[in-house]
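Listed below are the residues making up each chain.
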Amino acid sequence: MDKKLLIILANSDPENPEEFSAPLFQAMVAAAMSHRVEVIFTGLSTVLAVAGHAESVLLNAQGYRTVYDLIRGAHKAGAAFKVCTPALEMWGKELITEIDESIGAAYIIEEAMSDNTVTFTY
């Protein structure tokens, strides 16, 4: 069975957008290499799944690239994006179009514990 790369964004702070560059770029590269990739927004990072927010988070002082640009690129390469349902109650329910599914804590635990999953957390 193919292994899956699971990237969990739980501790990354949207107030520090540079924290999202590496994991989202890794998701894009792994998906482009034909690996199965899932990115899960939970905790503080959930706000990036809410429509209108990731588009306004700039990655650099020049302001020509946003966190949403990286999300869109990774999704286009084939990465699946999921958001933790309980966290949505804090941040809102209108999601960016790249979110493929809303999931709960049990899903995250089951996937992270699977022998066929490599898990990165940020």
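Residues numbered from 1 in each chain as written. Predicted model: local features only at pLDDT ≥ 70, side-chain atom pairs only at ≥ 80, totals over all residues. Heavy atoms only, no water.

Student: Please provide a residue-by-residue account of the overall build of the protein, values included.
Tutor: Looking only at helices and strands, the protein has four helices and five strands in total. Expected size for 122 residues packed as a compact globule is a radius of gyration near 14 Å; at 13 Å, the protein falls within 12% of this value. Its C-alpha atoms give the protein principal-axis dimensions of about 45 × 35 × 25 Å. The buried share among the 122 residues of the protein stands at 43%. Split by element, the accessible area of the protein, about 6,400 Å² in all, is 55% carbon and sulfur. Between the averaged position of the 8 positive side-chain charges in the protein and that of its 16 negative side-chain charges there is a distance of 7 Å. (Helix = DSSP H or I, 4+ residues; strand = E, 2+ residues; numbered from the N terminus. Rg over C-alpha atoms; globule rule 2.2 N^0.38 Å. Buried < 20%, exposed > 50% of the residue type's maximum accessible area, 1.4 Å probe, protein only. Areas by Shrake-Rupley, 256 points an atom, 1.4 Å probe, with all protein chains shown as cover. Lys, Arg positive; Asp, Glu negative; His and termini not counted. Charge placed at Lys NZ, Arg CZ, Asp CG, Glu CD.)

Student: Would you mind going over the packing of aromatic side chains in detail, with residue names and values included?
Tutor: Applying the stated criterion across every chain yields a total of one aromatic pair. Ring geometry for F41 against F81: centres 5.9 Å apart, planes inclined by 20 degrees, an arrangement best described as stacked. Of this pair, F41 sits in strand β2 (residues 36-41) while F81 sits in strand β3 (residues 80-84), and the two are 40 residues apart along the sequence. You can call F41 buried: its relative accessible area is 0%. (Phe/Tyr/Trp six-rings, centres within 6.5 Å; stacked < 30°, edge-to-face > 60°.)

Student: Explain the sheet that holds β3 to me, using residue names and the numbers behind them.
Tutor: Across the sheet, which stays open at both edges, the five strands sit in the order β4-β3-β2-β1-β5 with parallel pairing between neighbours. Since the sheet does not close on itself, it has two edges, and those belong to β4 (99-103) and β5 (117-121), each with one partner. Going from strand to strand, the sheet's axes swing by 25 degrees on average, the running direction of each strand aside. Inspection of the sheet shows strand β1 (residues 4-9) paired to β5 by five bridges, in the parallel sense. Its bridge partner being in β5, L6 is matched across the sheet by T119. Across the face of the sheet, helix α4 (residues 105-113) comes into contact with β1, β2, β3, β4 and β5 while running at roughly 135 degrees to β1. (Pairing = 2+ DSSP bridges. Axes fitted to C-alpha atoms, helices over the stretch in contact; angles between N-to-C directions. Contact = heavy atoms within 4.5 Å.)

Student: Residue-level account of the nonpolar core, with values.
Tutor: Ranked by size, the top nonpolar core spans 29 residues in total, and within it L24, F41, V67 and F81 carry the most contacts. For this core, the secondary-structure elements that each account for two or more residues are β1, α1 (18-32), β2, α2 (67-77) and β3. A total of six residues in this core trace back to one element, the largest contributor, which is α1. Setting aside residues up to four positions removed in sequence, V67 forms contacts with P17, F20, L24, L48, A54, V57 and L59. Ranked by size, the runner-up nonpolar core spans seven residues in total, among them L6, C84, I103 and I108. (Core = buried A, V, L, I, M, F, W, Y, C linked by side-chain atoms within 4.5 Å.)

Student: Requested: an account of the environment of V50, with residues and values cited.
Tutor: Here V50 shows up in the loop between β2 and α2. Put simply, V50 and L95 are 45 residues apart on the chain and 4.4 Å apart in space, counted from C-alpha to C-alpha.

Student: Could you give an account of the side chain of T117, naming the residues involved and the relevant values?
Tutor: If you trace the backbone, T117 turns up in strand β5. Separated by 3.0 Å, the side chain of T117 and the backbone oxygen of E111 make a polar contact. In contact with T117, not counting residues within four places along its chain, are K4, L6 and E111. (Polar contact = N/O pair within 3.5 Å; in protein donor to acceptor, adjacent residues only side chain to side chain.)

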